[in-house]
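What follows is the residue order along each chain.
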Amino acid sequence: MATARAALRSGIMASLAVAEPPASRAPSRSPARSPARSPALSPAPGPSRCGGERHRSRSGAGADLGAIQDAQLRSVDLNHVIKLLEDSDSKDLEKEQLKALKKVVKRFENGLPLKDLAQVVEILNLCAEKVNEQEAFTEPLCELIKLCGLPFQKKKSSDEVSYSVAASKSIAQLGYLMRVPSSQVRIQICKCVVSFYNMELPRKLLPGYQPTNANYKIQMAELGGLAETLVLSLALVENHLTEKLWVLKALQHLSSSGVNCGLMMKAQAASRLCLYLNGVDPSGQLVFRSSEILWNLLENTSKEEVVNQLSSLECVHALKETFLDLLLHGFRHCDRQLRNDLLVIATLLAENPAAPMIESGFTKLLIVLATFTEVKIPNPLVKGLKLTYGYEDFELKKLLFNVIGILSKDPCAVQLLSESDVMPALLYYVKPNQKPGFNDWSAVQYEELQLHAIAVLASVAPVLIDKYLSCQANTLLLVFLEWCVGQDPFFGQGNSFHGTGGRGNKLAQMRYSLRVLRSVVSLYDDAVNLNLCDQGAISQLLDILKYAANKSKEKEDAILLEIQADILFLLSGLCENDLHRKELFSYEGVDILIPFLQMDPKKLYSGLGHNHLLFSALDCLWSCVIGCYITEDYFLEKQGIFLLMDLLALKQKNLRNIILGILVEFCDNPKTTSHISTWRGEKDQTAAHLLIKLWRQEELELGVKRDQFGRIVGFENLPGLSAKDFVTLAIIRRYIDFKVGEVWSEVCAEIIEEFKPVSSDEEALKIISEVPEDTGRIVAALQTEVLESQHHQEIQEEEKTYKKIQAIHKQREMVAKSWENFLTRTSDYEALKKAKKLQEKSIETSRSKLKIENGTAHSTDIKGLGTTIGSGRLVTVETTPPQLIGGPLAVRDLSLKKPAVCERALKNIKKHQKT
């Protein structure tokens, strides 16, 4: 829809190009998105403040007088003006106040300095308060607001950041001034906002100042939340068309920013704007600007959030009425484009189940519009409607088809689709393309509509299967497919999305027709499948498959591979569980299937769809060949089993399951086993070796553990198991044995019930019956052992805990007894003397009885000690008596004096060395 919307904007702009002043025009995001101009919003003509009179050269006394006035203006005291405006006691001050405001306007006619913004905003607020009672302040207020539309003035580059708070608050204040009940003030505020997006530099700058960045005010508007305030102000101007249009124009510019769109959504902008769509407006700007803002909200914010705001009954009804009005009475080029824009928004609403599209009657209207040109049945909803065959009506038709596809996914809308003529209308396009200009559509347009209709039919047919059969859709599709593979000259354009790959051929038509058949066959409805088979669909599909396979040999592409995969799926769905249809598939089908199984393995990674095609071929083999012995035998003769084994040997995990399943099914045929046994792979690999290798690989992927001899140890060394877990694990380990025993028990019971076995067989059955019993006894013994071991361990743990408790108690008793003895010695002198004697006796008995030769014994007693507890680490050693100086202790370097024993040892060593 980007093209339609672009053309829409340029059309509106061209049709309404008379009246908007150049100064209020905003730069568009693209040449086609420039806002329309409105006669109602044009300002009155008048001399510009920047005109020639102010810049005329002065001479003589006039020049001196002008210089004096300029000097006076530069010296305007804003604080004095604020104080003057705040003084409301005297009515005689009005002239002086107005005079002061004129000076302020004159002083800042080339732009407001950033440093003065706070005071100017205060002056604006004071003027706004006076407008309510004194109308004379309206004009100066508008003049001050106009100044806010000029670039702010800065002295230094850093001023933009330093005064950002003041600047954002000043711009936010413009939104708050919308409360002033004056149409002139409100329009001037909107003009000021629009000027942010088309900033013109003043002809004369303040001395020492320079204008701020061109986008500075836009950024400050985002920071100050101006967009949200203006959305809320729509309630104030709801009954004033001119003011409302100016507010919408300002919002249209502001909505070019994602930040502003987010702020607008907080104020419920989407729902507010939608309600204005069907308002009275001869100029048409109300619908245009509202829809433009809605588009910007959809593009710059969450689409889901916008749709949720538009999903009320009031909004849907307003959208429907506006759309219908433009449809029936919009004859201009721009009206048709705007109609298409609203239809896109309605399509988004149709995707939301919560939107009351059915309740509002919008769904029924859209269904009727989608079918009224193909089915000539009068309907009062579209009475008098005539579509041209121009580009906008062509876009409308495609959008309506798209809506039908969306509605088919809504269970609530299916009933309306069933009651309508949707199925005949879509099947209208399932026929060979005629000469160019058929039905007044060009050849290119008709082909695009045809492909779009058939694509939508694939979504609608499964939910309207009864209508599908009653309209003989299968017959139409098979005839159409016959034309697709025929030799009739046709050169597809392949321009549209659905026409991809169809330039110069009929592949696009074939592709979407097969999709329709795939959608209905996948229902596995007996009536649909029987109807197809009765018309020879299996034979025809095989011919088309052969045709597509031959085309694919010339040049492989994704569309041809998709066509082949779809045909294989259709054959699988038709032949499954039906022997007669498998016989129809028979030899011809097998001959077509074999080349798919011989596919080069490298193609599986091409990304074109070979992988999907191979899966479809294997599925077709399973459904169309297995179960019919004639077809199976022919497949075996064609060495099909060898091809399957070759595919299995590729070790493609995604192919493994389906191939093994096919082989298992084929093994019901007694001839299959010899083929599997005969097969040899690389390095003379046998089928048994391959299967065992795949088994080990599967175990490895499953994490099954084995020991060095290959025995399973998955049940060993499992951490974190309790005794109860081990009891269960014992059963798990013998699960297969129990299962085998259970099967044998059933077999024995059936044999005994039906026959009377001979003695040898009876003995064998008895032995077989005893095996599971023995296994059960072994498991029970193991479980008992585990439980006893657990019980024994619990007893040991209990004994350890008891001994630990015992030791703790004993230690506590010893500590208590030691404390009692200590208290006794300190409180009873006799006990202390007794303890002292025992201590001395203990010390005496501990001494060595051998006397130290030429030594002295040191006393260990500490004189004056009155305690019987152990002494500290401090020990006093008496000095060696003088008579012992020169004795054994006199030798200080013991390493210089060798003991006699060492001398004798050295002598003996030397003696042995000599001998």
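Residues numbered from 1 in each chain as written. Predicted model: local features only at pLDDT ≥ 70, side-chain atom pairs only at ≥ 80, totals over all residues. Heavy atoms only, no water.

1. Quick look at the packing of helix 17 (residues 313-329) against helix 18 (residues 333-350)
Where helix 17 meets helix 18, the closest approach of the two axes is 9 Å, and the angle between their N-to-C directions is 150°. Relative to helix 18, the element helix 17 is oriented roughly antiparallel. With respect to the hand of their crossing, helix 17 and helix 18 are arranged in left-handed fashion. Contacts from Val316, Leu319, Thr322, Phe323, Leu326 and Leu327 in helix 17 reach Asp335, Leu338, Arg339, Leu342, Leu343, Ile345, Ala346 and Leu349 in helix 18. In terms of residue class, the contact of helix 17 with helix 18 is made up of eleven nonpolar, one polar and two charged. (Axes fitted to C-alpha atoms, helices over the stretch in contact; angles between N-to-C directions. Helix = DSSP H or I, 4+ residues; strand = E, 2+ residues; numbered from the N terminus. Parallel < 35°, antiparallel > 145°, perpendicular 65-115°, else oblique. Left-handed = near helix turned anticlockwise from the far one by under 90°. Contact = heavy atoms within 4.5 Å. Nonpolar A, V, L, I, M, F, W, Y, C, P; charged D, E, K, R; others polar.)

2. A few points about the nonpolar core
Ranked by internal contacts, the top residues of the largest apolar core, which has 219 residues, are Phe196, Leu297, Tyr468, Leu571, Leu618 and Leu644. The greatest single-element share of this core, amounting to eleven residues, is contributed by helix 29 (residues 558-575). Apart from residues lying up to four places away in sequence, Tyr468 is in contact with Met423, Ala461, Ala473, Asn474, Leu477, Val516, Leu517 and Val520. (Core = buried A, V, L, I, M, F, W, Y, C linked by side-chain atoms within 4.5 Å. Buried < 20%, exposed > 50% of the residue type's maximum accessible area, 1.4 Å probe, protein only.)

3. Examining the pattern of salt bridges
Scanning the entire structure with this criterion turns up 24 salt bridges. Arg515 is the salt-bridge partner of Glu562, the closest N and O atoms lying 2.9 Å from each other. In this pair, Glu562 is assigned in helix 29 and Arg515 in helix 26 (residues 507-521), connecting sequence segments 47 residues apart. Given a relative accessible area of 18%, Glu562 falls into the buried group. For Arg515, a relative accessible area of 23% corresponds to the partly exposed category. A salt bridge links Asp774 to Arg777; the shortest N-O distance between them is 2.1 Å. With Asp774 and Arg777 both in helix 39 (residues 759-827) and three residues apart, this pair spans about one turn of that helix. (Salt bridge = Lys/Arg side-chain N within 4 Å of Asp/Glu carboxyl O.)

4. Topic: the packing of aromatic side chains
For the structure shown, the criterion picks out ten aromatic pairs. Consider the rings of Phe323 and Phe362, whose centres lie 5.9 Å apart with planes at 45°: the pair is tilted. With a gap of 39 residues between them, Phe323 in helix 17 and Phe362 in helix 19 (residues 362-371) connect regions that are remote in the sequence. In terms of burial, Phe323 and Phe362 fall into one category: buried. (Phe/Tyr/Trp six-rings, centres within 6.5 Å; stacked < 30°, edge-to-face > 60°.)

5. Notes on the environment of Ile404
Topologically, Ile404 is positioned in helix 20 (residues 391-407). A C-alpha to C-alpha distance of 9.6 Å links Ile404 and Ala453, two positions 49 residues apart in sequence. Dropping the residues within four chain positions of it, Ile404 is found in contact with Ile367, Ala370, Leu417, Val422, Val456 and Val460.

6. Some thoughts on a nonpolar patch on the surface
Taken together, the side chains of Tyr735, Ile736, Val740 and Trp744 make up a nonpolar region of the molecular surface, amounting to roughly 410 Å² of accessible area. Along the polypeptide, Trp744 turns up in helix 38 (residues 735-754). Owing to a relative accessible area of 37%, Trp744 belongs among the partly exposed residues under this scheme. (Patch = residues over 30% accessible without salt bridge, like charges linked within 9 Å, V, L, I, M, F, W, Y side chains within 5 Å. Areas by Shrake-Rupley, 256 points an atom, 1.4 Å probe, with all protein chains shown as cover.)

7. Quick look at the side chain of Ser552
Tracing the chain through its elements places Ser552 in helix 28 (residues 537-554). A residue is classified by how much of its surface remains accessible, and Ser552, at 7% relative accessible area, is buried. When sequence neighbours within four positions are dropped, the list of residues in contact with Ser552 reads Leu560, Leu561 and Gln564.

8. Observations regarding a negative patch on the surface
There is a patch of like negative charges on the surface, built from Glu746, Glu750, Glu753 and Glu754. Looking at the secondary structure, you find Glu754 in helix 38. (Lys, Arg positive; Asp, Glu negative; His and termini not counted. Charge placed at Lys NZ, Arg CZ, Asp CG, Glu CD.)

9. Notes on helix 20
Its 17 residues place the ends of helix 20 25 Å apart at the C-alpha level, agreeing with the 24 Å of an ideal helix rising 1.5 Å per residue. For helix 20, the tally of buried residues reaches 15 of 17 residues, placing the bulk of the element in the interior. (Expected span 1.5 Å × (residues − 1).)

10. A closer look at the environment of Lys653
Mapped onto the secondary structure, Lys653 falls in helix 34 (residues 653-666). Given the relative accessible area of 48%, Lys653 is considered partly exposed. Remark: the alpha-carbon pair of Lys653 and Glu698, spanning 45 residues in sequence, is separated by 9.7 Å.

11. Quick word on the confidence of the model for the protein chain
Low pLDDT marks stretches whose predicted atomic positions should not be read closely. The predicted model of the protein chain has a mean per-residue pLDDT of 82, with 83% of residues at 70 or higher. Of the regions scoring below 50 in pLDDT, residues 6-73 engages in 105 contacts with residues more than four places distant in sequence or in other chains. A low-confidence stretch, residues 908-915 stays under pLDDT 50, and its non-local contacts, those more than four residues away or across chains, total zero contacts. (pLDDT = per-residue confidence, 0-100.)

12. Concerning a positive patch on the surface
A contiguous patch of positive charge, built from Lys651, Lys683, Lys693 and Arg696, is present on the exposed surface. Of note, Lys693 is situated in helix 36 (residues 687-702).

13. Examining the packing of helix 15 (residues 285-300) against helix 18
Close contact between helix 15 and helix 18 brings their axes to 11 Å; oriented N to C, the two are set at 40°. It follows from the interaxial angle that helix 15 and helix 18 lie oblique. Here helix 15 and helix 18 pass one another in a crossing that is left-handed. Within the contact between the two elements, helix 15 uses Val287, Phe288, Ser291, Leu294, Trp295 and Leu298 and helix 18 uses Leu338, Asp341, Leu342, Val344, Ile345 and Leu348. Of the residues belonging to the contact of helix 15 with helix 18, the class tally is ten nonpolar, one polar and one charged.

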